[in-house]
Amino acid sequence: MSSFKLGVEVVGAHDLVAKDGQGSSNPFVELHFDDQRFRTTTKEKDLNPVWNESFYFNISDPNNLSHLPLEAYVYNHNKANNVKTCLGKVRLTGTSFVPYSDAVVLHYPLEKRSIFARVKGELGLKVFVTDDPSIKSSNPLPAMESSLHTDVDSHYAKIPKSVPNSFPKEKTDKRRTFHHLSNANQSQQKQNFPSVPPQQMNSGVHEMKSGKQPPQIFQMFSGSSSQPLDYALKETSPFLGGGQIVGGRVIRGDRPASTYDLVEQMRYLFVRVVKAQDLPSKDVAGSLDPYVEVKVGNYKGITKHYEKKQNPEWNQVFAFARDTVQTSVLEVILKDKDLVKDDFVGIVRFDLHEVPTRVPPDSPLAPEWYRLEDKKGEKKKGELMLAVWYGTQADEAFPDAWHSDAIAPGDSTSIASTYIRSKVYHSPRLWYVRVTVIEAQDLVAADKNRFPDAYVKVQLGNQILKTKSVQPRNSNPIWKEEFMFVASEPFEEHLIFSVEDRVGPNKDETIGKAVIPLNSVDRRADDRNIRTRWYNLEKSLSDAMDRDHAKKDKFHSRLHVCVCLDGGYHVLDESTQYSSDLRPTAKQLWKPSIGVLELGILNADGLQPMKTREGKGTSDTYCVAKYGHKWVRTRTIVNSLNPKYNEQYTWEVYDPATVLTVGVFDNCQISGSDGNKDMKIGKVRIRISTLETGRVYTHSYPLLVLHPSGVKKIGELHLAIRFSYTSMLNMMFQYSRPLLPKMHYKRPLSVIQQDMLRHQAVTIVAARLGRAEPPLRREVVEYMSDADAHLWSMRRSKANFLRLTSVFSGLFSVGKWVGEVCMWKNPITTVLVHVLFVMLVCFPELILPTVFLYMFLIGVWNYRRRPRYPPHMNTSLSCADAVSPDELDEEFETFPASRSSDIIRVRYDRLRSVAGRIQTVVGDIATQAIVLYVTPFQVLALLAGFYIMRHPRFRHKTPAAPINFFRRLPARTDIRKNQIVLVAELVTDGGCLDQILFPRA
């Protein structure tokens, strides 16, 4: 038997429900695990009992530990009638069990055992896994219906064989004794128990009352036990601004609540350098070239310098992390910039013990004038206006401040703050532009002896689409083709129409151009008709943009078009299944928000070095979070593989079926880095619909990235998330609404259009955010938006096929059960199915109620086992752990391909093989059709059911004659093969294609 055991210390409970009719209860706890049961002593008349009792369960199969739940039931013992009443329960999944060194006492809210039960209070447990061979498990007790008195319970472990037989005989034969471990002060009982390490016995009230405990980690399996533990989600219990987070609840501490209650409070020393006045002049050269150096210990911050200015203004803020301050003096030094060596001008010193503390929402600290001193402390000419205070990251000066994280200790050069600041971005408002090219009039080709072979090229920015050529050629061609473009506000680009004449292979001549400013285009939020317009065609683009030029010429070729801005669509700029916003473009169609999403980006742990600096591996990391139109970027932490961000952000939520994306990147815009593209480290997605309202989720997410060599863990990202809705009614009503706006269903876009428009939308967003300060680079936007999700991948195809298989696994199980019924594996079950089948056929109105009743009962049964933690990437479900090197190489291949022709040929043949199998399956489905003759449905269903469930004696190994006859009939597949051959012959003779492909009866 395995030496692994599950230890459970039942510490205590509080605020239990009164059940004895006198305002109190007689509670005890019953533990269930792996077909083993234990029970604590009974505490009489106590709604806040304390047990401090330990139990040890045998783990039959450690590999199956993640699927073994621990259930703790709190009962009230009624002595009058020997009945126990449930006061609540706690259910812990096997994925939350940790070693003893990581275990901590947690108070779990009691849950209802049934829907109508009244439950309140919490139960304190300490659960851990140990493999200490000196610890022996307690004797399990399979049944616990007894009602022992409290004084009997206290001696139950000492005299297990002398308990009076108060049970019926049939229960006594099955009953076995059990042992419980009491607290350490009961020394008289120690001789009867196995030797337990002292640290295990010294738990209980002391741990429950301990104020500051390190964050404890709980391994969370994300689906399959085959996934490595290192790739699993981990729940933590950190101390944040609002208190300690335990099981999603905030336990308030002694510290006052902060505005940033989802992050750890980080203390900073803020120094605001405003300006200087009355500075001394140089002896010969005149005015100074002044700048200010702020020095705290080994850290230095430097302002920009001005040339020949006696009264400079900087208005810069410097923030020094208080944890890294190793001195008690702040020095603000004014210097004169020089080519060889900067000259000392004056200094202002501050005693850090005298610096005031500012807590928002207090007003900003007013700066004051300070007289400059020399190095000996004597007053000099000149003054500096400064403000110095202690604050936190909640200070409004924090986002724009220079941070001590931007430089390494001892480094006197500061990194450009434009690349390290935390910023909030808003992506541009995107519109779909619908363009319909109808016709043209009076087109004149350069060669007067021929009609133009005309087509129209429509351009918006870098988006170019073309119509087809019109046959036969004429001077008044009609196209009636529709195109879709993506535009962003403010509309800086014009819509350009160019009518081209194809005069030869790869040779086109421009007939005329027309320009339409998007500001003048009609907007609509529905599918109402838009008025069409005629536009004169000019020879050049400049003439087309000149409105007065059309009045000078009397004759013009004209173009008839219809252009509108469609605001009823949602412009998809990210992967559909991971969309963070589903609202239409038109603001008048927006609904009120249903809640608020709060995100605390705490820290990252164990990051892999992304670059080498001074001979050591390091990283300069920052995080980017995207939800809706709002993008946020944390400050860059330089030279750290365990950066602490502790920044909190808030979004309004309009739809629960949306996803928050958080990515981690290495900043490559800092000196000493290789390359100019920010390197991706990993990203995390949280679906809003998986979050319980009001609960704080503190988890450490593994950053898993698929490399050409396989899946790798780059580190872990620690987040705190809370979702709160404003109205439960609005929340439930949202689930009854369609996912996308109405226009997506009235006038749906094709898949090809959606992919093309999404690519254009990502390009526009990346270009707009790339012009911000600091810029959010294109590679970051594309990675967060999954710009390459449309590319082919054998791994993704396998994963999607397995997902599809899992969806229909229930149907397969039903089919297997029906097969067993048909084979009369269990005759009783088969007879009952026959009876039920006859009843449903005779009374078909009972079919739907029966199906809905079963679905409701299944939903109620599965509700208690619903997941309580947000899902995360599973390497098994995504097939990332079983992909071959060649398939990985194909997934990371550039587009177009750059590999040798032999490799491309092998991959193409493999793709043809997969497509051939799909083609065969689709053909079989299309071939197996059933023709129903004029027969009553009930009779047909009854005969079919009895035939399918017939006894094996009446079955044959070969298919029946009717089936053979049906399968030998000609199928549509043969007709299609013959028609494909005929198409080439008949079309050349002027045959009608629709009559060949769609013959009429």
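Scoring rules and cut-offs
- Residues numbered from 1 in each chain as written.
- Predicted model: local features only at pLDDT ≥ 70, side-chain atom pairs only at ≥ 80, totals over all residues.
- Heavy atoms only, no water.
- UniProt positions renumbered as here; feature names shortened; annotations may be inferred.
- Helix = DSSP H or I, 4+ residues; strand = E, 2+ residues; numbered from the N terminus.
- Buried < 20%, exposed > 50% of the residue type's maximum accessible area, 1.4 Å probe, protein only.
- Contact = heavy atoms within 4.5 Å.
- Pairing = 2+ DSSP bridges.
- Polar contact = N/O pair within 3.5 Å; in protein donor to acceptor, adjacent residues only side chain to side chain.
- Patch = residues over 30% accessible without salt bridge, like charges linked within 9 Å, V, L, I, M, F, W, Y side chains within 5 Å.
- Areas by Shrake-Rupley, 256 points an atom, 1.4 Å probe, with all protein chains shown as cover.
- Salt bridge = Lys/Arg side-chain N within 4 Å of Asp/Glu carboxyl O.
- Axes fitted to C-alpha atoms, helices over the stretch in contact; angles between N-to-C directions.
- Parallel < 35°, antiparallel > 145°, perpendicular 65-115°, else oblique.
- Left-handed = near helix turned anticlockwise from the far one by under 90°.
- Expected span 1.5 Å × (residues − 1).
- Arc of directions from axis to C-beta.
- Phe/Tyr/Trp six-rings, centres within 6.5 Å; stacked < 30°, edge-to-face > 60°.
- Lys NZ or Arg CZ within 6 Å of the ring centre and 35° of its normal.
- Core = buried A, V, L, I, M, F, W, Y, C linked by side-chain atoms within 4.5 Å.

For the record of the protein, the UniProt heading Subcellular location (unreviewed entry) holds the text "Membrane". Per UniProt, the protein has the following entry under Sequence similarities (unreviewed entry): "Belongs to the MCTP family."

Caption draft 1: Quick peek at the environment of R349. Structurally, R349 is set in strand 19 (residues 343–351). A relative accessible area of 38% places R349 in the partly exposed class. Sequence spacing of R349 and G377 is 28 residues, and the spatial spacing of their C-alpha atoms is 9.2 Å. Beyond its immediate chain neighbours, meaning those up to four positions away, R349 contacts V329, L330, E331, E373, D374 and K375.

Caption draft 2: Region of the structure containing the pairing of strand 38 (residues 644–653). In terms of residue burial, strand 38 counts as a mostly covered element, since seven of its ten residues are buried. Sheet analysis places strand 33 (residues 595–605) next to strand 38, joined by eight bridges and oriented antiparallel. Residue pairing for strand 38: G600 is matched across the bridge by Q648.

Caption draft 3: Fine view of unusual backbone geometry. For the bond running from E489 to P490, omega is -10°, close enough to zero to count as cis. The step from E773 to P774 runs through a cis peptide bond, and the omega angle for that step is 0°. In this structure, P774 sits in the loop between helix 8 (751–769) and helix 9 (778–785). Even without glycine at this site, D15 takes up a positive phi of about 60°. Assignment of secondary structure puts D15 in the loop between strand 1 (5–14) and strand 2 (27–33). A relative accessible area of 40% places D15 in the partly exposed class. Of note, K480 is a non-glycine position whose phi angle comes to about 55°, a positive value. Following the sequence through the fold, K480 ends up in strand 27 (residues 478–488).

Caption draft 4: Inspection of the side chain of T634 at higher detail. Within the secondary structure layout, T634 lies in the loop between strand 37 (630–633) and strand 38. One polar contact links the side chain of T634 to the main-chain amide nitrogen of C623, over a distance of 2.9 Å. Non-local contacts of T634, meaning those with residues more than four positions away in its chain, are made with R421, S422, I601, Y622, C623, Y645, E647 and Y649.

Caption draft 5: Molecular detail of a nonpolar patch on the surface. Together, I115, F116, L853, Y854, F856, L857, I858 and V860 give the surface a local cluster of nonpolar side chains, amounting to about 920 Å² of exposed area. Tracing the sequence through the fold places L853 in helix 13 (residues 847–863).

Caption draft 6: Just the packing of helix 8 against helix 9, in detail. In the contact formed by helix 8 and helix 9, the axes pass within 9 Å of each other and the chain directions differ by 140°. For the element pair helix 8 / helix 9, the angle class is oblique. In the packing of helix 8 onto helix 9, the handedness of the crossing is right-handed. Of the residues in helix 9, those in contact with R758, V762, T763, V765, A766 and L769 of helix 8 are R778, V781, E782 and S785.

Caption draft 7: Summary view of the UniProt feature "transmembrane region" (unreviewed entry) in the protein. Within this structure's numbering, the places UniProt gives as "transmembrane region" (unreviewed entry) are residues 831–861 and 930–949. Segment residues 831–861 splits into 87% helix and 0% strand. End C-alpha atoms: 27 Å apart.

Caption draft 8: Fine view of helix 11 (residues 809–822). Taking 1.5 Å as the rise per residue, helix 11 with 14 residues should run 20 Å; its terminal C-alpha atoms sit 20 Å apart, in good agreement. The first or second residue beyond helix 11 is W824, which carries a positive phi of 55°.

Caption draft 9: Expanded view of the sheet that holds strand 12 (residues 243–246). If you trace the three strands from one edge of the open sheet to the other, you get 11-12-13, paired in antiparallel fashion. Edge positions in the sheet fall to strand 11 (239–240) and strand 13 (249–251), since each has one partner strand and no second.

Caption draft 10: Layout of helix 10 (residues 794–807). For helix 10, spanning 14 residues, the distance from its first C-alpha to its last is 20 Å, which sits close to the expected 20 Å at 1.5 Å a residue. What helix 10 keeps buried is the set M794, R795 and A799. Summarising the axial view, the buried residues of helix 10 lie within an arc of 140°, below the 170-degree limit, and thus occupy one face. Residues of helix 10 that are exposed and point over 90 degrees away from its buried face: F801 and V807.

Caption draft 11: Highlighting the packing of aromatic side chains. Under the counting rule described, the total for this entry stands at 19 aromatic pairs. Ring geometry for Y306 versus W314: centroids 6.3 Å apart, planes at 50°, classification tilted. Both residues of the pair, Y306 and W314, count as buried. Ring geometry for Y622 and F665: centres 5.9 Å apart, planes at 25°, overall stacked. Taken together, the residues span a long stretch of sequence, with Y622 in strand 36 (residues 621–627) and F665 in strand 39 (residues 659–666) at a distance of 43 residues. Summarising the burial analysis for this pair, Y622 and F665 share the class buried. The side chain of K84 reaches across the aromatic face of Y75, ending 4.5 Å from its centre.

Caption draft 12: Here's a closer look at the nonpolar core. Counting residues in hydrophobic clusters, the biggest one holds 34 residues, and the most contacted among them are L597, L599, W651, L717, L719 and I721. Looking at this core, the elements with two or more residues in it are strand 33, strand 36, strand 38, strand 39, strand 40 (679–687), strand 41 (696–707) and strand 42 (710–725). Among the elements that take part in this core, strand 42 stands out by supplying five residues, more than any other. For L717, the residues in contact, after removing those within four places along its chain, are I601, N603, A604, C623, V662, V664, V684, H699, S700, Y701 and L703. Counting 31 residues, the second largest nonpolar core, distinct from the first, contains V456, V470, F491 and L565.

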